[in-house]
Amino acid sequence: MIENPPPCPKCSCQYTYEMNALVVCPVCAHEWDPAGSDSDTGSAPGERVVKDAVGNVLQDGDTVVVVKALKVKGSPSGIKAGTKVRGIRLVDGVDGHDIDCRIDGFGAMQLKSSVVKKG
């Protein structure tokens, strides 16, 4: 346990606390590892890291599984939880939609990484 946790690197708040192996800021909710760098993968600086709903790092071409039912405009059914999506592509999308994919029965669409898990 850290006796005096470091201040938050994002908002400089002094009231940070330790939770498991991470340090958490109560003001901006930023979490980081005080022993390591901010990126968990050791990737090059400037490279965007996209994580799924459970924290696994996603890459282009991965297969993911939808973890919750999604409504689709213009479709009476929607995408059911457990639907497998193959060959995703990571993009800088709109409103947090950072996965570009093709889903059988629905066609091309964008998904948020927070509603899928690596599978």
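Keep in mind the model is a prediction, meaning the values are calculated, not measured. (Residues numbered from 1 in each chain as written. Predicted model: local features only at pLDDT ≥ 70, side-chain atom pairs only at ≥ 80, totals over all residues. Heavy atoms only, no water.)

**Considering the pattern of salt bridges**
Then, in step 1: Applying the stated criterion to the full structure yields two salt bridges.
Then, in step 2: Across the pair K118 and D62 runs a salt bridge whose closest N-O atoms are separated by 3.6 Å. Here D62 lies in the loop between β5 (57–58) and β6 (64–66) and K118 lies in strand β11 (residues 116–118), a separation of 56 residues in the sequence.
Then, in step 3: Its relative accessible area of 37% is what places K118 among the partly exposed residues. (Salt bridge = Lys/Arg side-chain N within 4 Å of Asp/Glu carboxyl O. Helix = DSSP H or I, 4+ residues; strand = E, 2+ residues; numbered from the N terminus. Buried < 20%, exposed > 50% of the residue type's maximum accessible area, 1.4 Å probe, protein only.)

**A short note on the environment of I2**
Then, in step 1: When you line up the elements, I2 lands in the segment before β1 (17–19).
Then, in step 2: Classification of I2 as partly exposed rests on a relative accessible area of 29%.
Then, in step 3: In the structure, I2 is positioned 21 residues away from V23 in sequence and 9.2 Å away in space, judged by C-alpha atoms.
Then, in step 4: Every residue in contact with I2, bar those within four places of it in the chain, is listed here: E18, V23 and P34. (Contact = heavy atoms within 4.5 Å.)

**Brief notes about the pairing of strand β10 (residues 107–112)**
Within a regular beta strand, the side chains point alternately toward one face of the sheet and then the other, so they alternate between its two faces.
Then, in step 1: Judged from the six bridges that link them, strand β9 (residues 97–103) and β10 form a sheet pairing that is antiparallel. The partner of I103 across the bridge, within β10, is G107.
Then, in step 2: Connecting the antiparallel pair β9 and β10 is a turn made up of three residues, with G105 showing a positive phi of about 90°. (Pairing = 2+ DSSP bridges.)

**Quick notes on the environment of N4**
Then, in step 1: As for its position among the elements, N4 is in the segment before β1.
Then, in step 2: Between the C-alpha atom of N4 and that of T16, which follows or precedes it by twelve residues, the distance is 8.9 Å.

**Thoughts on the sheet that holds strand β3 (residues 31–32)**
Then, in step 1: The strand order across the open sheet formed by three strands is β1-β2-β3, and the pairing between neighbours is antiparallel. A single partner strand is all that each edge strand has here, and the edge strands are β1 and β3.
Then, in step 2: Both β1 and strand β2 (residues 22–24) contribute to a ladder of three bridges, which runs antiparallel. Bridge pairing in β2 links Y17 to V24.

**Some words on the pairing of β9**
Then, in step 1: Where strand β8 (residues 89–90) and β9 come together, two bridges link them in antiparallel fashion. Of the residues in β9, the one forming a bridge with R89 is D100.
Then, in step 2: With antiparallel pairing between neighbouring strands as the criterion, β8 and β9 make up a hairpin whose turn holds six residues, including D95 at a positive phi of roughly 55°.

**Section: the side chain of D98**
Then, in step 1: In this structure, D98 sits in strand β9.
Then, in step 2: A residue is classified by how much of its surface remains accessible, and D98, at 13% relative accessible area, is buried.
Then, in step 3: Apart from residues lying up to four places away in sequence, D98 is in contact with R48, V50, R89, L90, V91, G93, L111, K112 and S113.

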